[in-house]
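# Overview (structure and organization)
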Amino acid sequence: MRLSLFSKKTVLVVVSAFLLITGAEAAVSFQTIRTHYFPPADLKLFESCYPDVIFDKSYDTEMHDWKLVVTARESEKNNKSKSAVFYWADGRMLPKEEMKEKQIWWSLLYNYDKELRDPETYTEEEVAELRVYGTKESQMNTAGSPMFFFDFLYDAYSQKTIERHIIKTTFLGKKTKIHERIAPHLKRVEERILAKKGDADVKSFIDTLTSADAYFWRQIANTTRKSFHSYGIAIDILPKRLYGKQTYWQWAKAWYGDNWMKTPLSERWMPPKIVRDIFESEGFIWGGKWTVWDTMHFEYHPELIKWNGITH
């Protein structure tokens, strides 16, 4: 059974009158009405981050969750549309067949720090958890982020389907391949970085850039999950020389062993803060803020920027 979204104002009037007549005992019924007729704030936030995508929302009383018929343009080259059905599942965006074991999946909305955290502030508990996560066995057995919505949105069901949407372009003079959906966002990043070339650090960053690799169909190391590079929405930016600094947590294990997570910030290569802030303001998260850090990596996820309240 589905309860369609009709006049919210009418519902509120009826519920208010009901409460006045029946008193406090109606509280449970009021909560039920709120659950069935008013989508969660996080769902509305997620929806706002993809303004060209239609989210037709209705509460499914059998599944006890919000059912979403999601419609998007099939390609930038035509006006045809495609649709898929997901359940909100507390931010997981799952197809119906995954709902029975929804707890194994992470939410698509997770903590992304506003400021770069110094690894010296990690607690012993955090360090212990990261050591476990860093093992091959743990990575292989972790479900991770559910990719169902992104598979649909970017047509990433296979290498063949995704490559219909991959375009060749350049970023700061370096050849790269990206998904057509993020092309205008990456272009604005480039324009804003070039506008800051008067800053010495930004100029050095641009002048010493050697590559800006984005699309590459592959799995995340030690997992069965696709990398966001497979979607063409992640880009790795590297300078000509690293001068002995680290860029990726797994590679740092060769030098720091089980203490890879505590690699000092001073020993990690990273783009200038101005560049990182520009990327974030255009909807890209930076892998250097992850506890499993990847300082060359940027990834288009406007929902995480907005959900974490990041503004520049």
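Since the model is a prediction, treat every value here as computed from it, not as a measurement.

With that out of the way, let us pick up the packing of aromatic side chains. Within this structure, the stated rule accounts for 23 aromatic pairs. Arranged with centres 5.5 Å apart and planes meeting at 70°, the rings of Phe149 and Phe150 form a pair that is edge-to-face. The exposure class assigned to Phe150 is buried, which follows from its relative accessible area of 2%. Site record: aromatic cluster; members linked through ring pairs are Phe46, Tyr50, Phe55, Phe86, Trp88, Phe149, Phe150, Phe152, Tyr154, Phe228 and Tyr231. Here the guanidinium or amino end of Lys82 rests over the ring plane of Phe152, the centre of that ring lying 5.0 Å away. A cation over a ring is seen here: Arg268 above Trp293, with NZ or CZ 4.2 Å from the ring centre.

Tallying each qualifying case throughout the model produces twelve salt bridges. Put simply, Asp52 and Arg181 hold a salt bridge, and the shortest N to O gap is 3.1 Å. Of this pair, Asp52 sits in the loop between helix H3 (41–48) and strand S2 (54–60) while Arg181 sits in the loop between strand S6 (174–179) and helix H8 (183–195), and the two are 129 residues apart along the sequence. For Asp52, a relative accessible area of 43% translates into the label partly exposed.

The subject of this paragraph is the pairing of S2. For S2, the tally of buried residues reaches five of seven residues, placing the bulk of the element in the interior. As judged from the seven bridges shared by S2 and strand S3 (residues 65–75), these two strands associate in the antiparallel manner. Bridge assignment links Ile54 to a residue of S3, and that residue is Thr71.

Its identity as a non-glycine residue notwithstanding, Ala89 has a phi of 50°, on the positive side. Along the chain, the position of Ala89 falls in the loop between strand S4 (78–87) and helix H4 (124–133). According to the relative accessible area criterion, Ala89 is buried, its value standing at 0%.

Below, the discussion takes up the pairing of strand S5 (residues 166–171). Two strands pair when backbone bridges link them, and S5 and S6 are joined in this way by six bridges, in the antiparallel orientation. Looking at S6, one finds that Ile166 is bridged to His179. The loop that links S5 with its antiparallel partner S6 comprises two residues; one of these, Leu172, has a positive phi angle of about 50°.

Cut-off values and rules
- Here, residues in each chain are numbered from 1, in the same order as that chain's written sequence.
- In keeping with the predicted nature of the model, local features appear solely for residues at pLDDT of at least 70, side-chain atom pairs appear and are counted solely at 80 or more, and the whole-chain, interface and lining totals rest on all residues.
- Side-chain measures here rest on the full set of heavy atoms in the structure, leaving out hydrogens and waters.
- Side-chain rings of Phe, Tyr and Trp (the six-membered ring for Trp) are treated as a pair once their centres are within 6.5 Å; stacked means planes under 30 degrees apart, edge-to-face means over 60, and tilted covers the remaining angles.
- Partly exposed describes any residue whose relative accessible area lies between the buried limit of under 20% and the exposed limit of over 50%, with all areas from a 1.4 Å probe on protein chains only and scaled to the type maximum.
- Only lysine NZ and arginine CZ atoms are considered, and such an atom sits over a ring when it is within 6 Å of the ring centre and within 35 degrees of the ring normal.
- For this document, the term salt bridge refers to a Lys or Arg side-chain nitrogen within 4 Å of an Asp or Glu carboxyl oxygen.
- A run of DSSP states H or I qualifies as a helix once it reaches four residues; a run of E qualifies as a strand once it reaches two. Both are numbered from the N-terminal end.
- One requirement defines pairing of two strands: DSSP has to find at least two bridges between them.

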